[in-house]
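# Structural description and commentary
Each chain, letter by letter, is given below.
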Amino acid sequence: MNKFRKWQCRRTAEAMVEVLRQKCYDAHYAEDLDEALKMVLAMIPEGSSVAVGGSETLSAMGLVDILRHGNYRFFDRYQDRPFEEIVEIYRQSLLADFLVTGTNALTRQGELVNVDSSGNRVAGMIFGPRRVIVVAGANKVVDDLAGAFKRLKQIAPMNALRNGHQTPCVETGVCMDCQIPARVCNAIGIINHGMKFAGRISVIMVAEEVGF
Ligand code: SF4
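Keep in mind it's a predicted model, so treat the numbers as computed, not measured. (Residues numbered from 1 in each chain as written. Predicted model: local features only at pLDDT ≥ 70, side-chain atom pairs only at ≥ 80, totals over all residues. Heavy atoms only, no water.)

Attention now goes to the site of the ligand. Around the ligand, the surrounding shell consists of Ala-156, Thr-167, Cys-169, Cys-175, Met-176, Asp-177, Cys-178, Arg-183, Val-184 and Cys-185. The class makeup of the residues in the shell around the ligand is seven nonpolar, one polar and two charged. (Near = heavy atom within 4 Å. Nonpolar A, V, L, I, M, F, W, Y, C, P; charged D, E, K, R; others polar.)

Written out as structure tokens, the structure is:
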């Protein structure tokens, strides 16, 4: 990464850690994805049940393979099984010890904003799993909720493409506000702060541009 962009990522990540701690999240700074991965694994005791949200950031970390082959009870949503069976894994994941996920956007006021196709990730981030670990690159930070909603629309076509959905945005590269069953933008979750269950949500701010 360009050294000036890296400098900006560092400042953004550092500032967000301060904001997030004030909002009762368990916030940490990571210099890069390798450090973030070590932090995630240090937070999860062996033997824990673990679910993951669909995330390009987690893919880049190689976390799924580690959870699959490690001493964890992993709710593996990436198996080649009928969708009805994957939905059952989503349901069981809501009672996991840990949910690890990225985030689509993070405002400078400490709001986590996400859009889901099935809603399993936004549901679990809000309530269910005992602990939530969010890994967020500095590129996910936006000024406010308006910026977050704009970001959701910008990245959704890439997520549709990544997940093999047949949506018009996959053809055009921009949101066409489709009204079809294949639509991936079905549920939006906003977490305003971490005060209700202080420390339940950990956020690892990575001083890099990672994920969409
Ligand atoms: S609403 Fe439809 S067209 Fe717009 S980004 Fe979502 S899936 Fe694509």
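This part is about a nonpolar patch on the surface. Together, Ile-126, Phe-127 and Phe-197 make up an exposed nonpolar region whose accessible area comes to about 330 Å². Mapped onto the elements of the fold, Phe-197 is located in the loop between strand S9 (187–191) and strand S10 (201–206). (Patch = residues over 30% accessible without salt bridge, like charges linked within 9 Å, V, L, I, M, F, W, Y side chains within 5 Å. Areas by Shrake-Rupley, 256 points an atom, 1.4 Å probe, with all protein chains shown as cover. Salt bridge = Lys/Arg side-chain N within 4 Å of Asp/Glu carboxyl O. Helix = DSSP H or I, 4+ residues; strand = E, 2+ residues; numbered from the N terminus.)

With respect to the helices, strands and loops of the structure, Leu-58 is situated in helix H3 (residues 56–61). Each C-alpha atom, one on Leu-58 and one on Leu-106, is 16 Å from the other, the two residues being 48 residues apart in sequence. Here Leu-58 is in contact with Val-52, Gly-53, Leu-63, Val-100, Thr-101, Gly-102 and Val-135, once residues within four sequence places are set aside. (Contact = heavy atoms within 4.5 Å.)

Taken from the UniProt record, the annotation "domain: LUD" (unreviewed entry) applies to residues 14–206. Helix makes up 38% of residues 14–206 and strand 23%, and the two end C-alpha atoms of the span are 9 Å apart. (UniProt positions renumbered as here; feature names shortened; annotations may be inferred.)

What follows deals with unusual backbone geometry. Even without being glycine, Cys-24 reaches a positive phi, approximately 70 degrees. As for its placement among the helices and strands, Cys-24 is situated in the loop between helix H1 (3–22) and strand S1 (26–30).

To continue, consider the nonpolar core. With 27 residues, the main nonpolar core has Leu-20, Leu-106, Leu-112, Ile-201 and Met-205 as its most contacted residues. At the level of secondary structure, the elements contributing two or more residues to this core comprise H1, helix H5 (83–93), strand S7 (131–137) and S10. Contact partners of Leu-112, with chain neighbours within four places excluded, come to Tyr-25, Thr-103, Ala-105, Leu-106, Met-125, Val-134, Gly-189, Ile-190, Ile-191 and Ile-201. One finds Val-40, Met-43, Val-52 and Tyr-72 within the second-largest nonpolar core, a separate group that totals 24 residues. (Core = buried A, V, L, I, M, F, W, Y, C linked by side-chain atoms within 4.5 Å. Buried < 20%, exposed > 50% of the residue type's maximum accessible area, 1.4 Å probe, protein only.)

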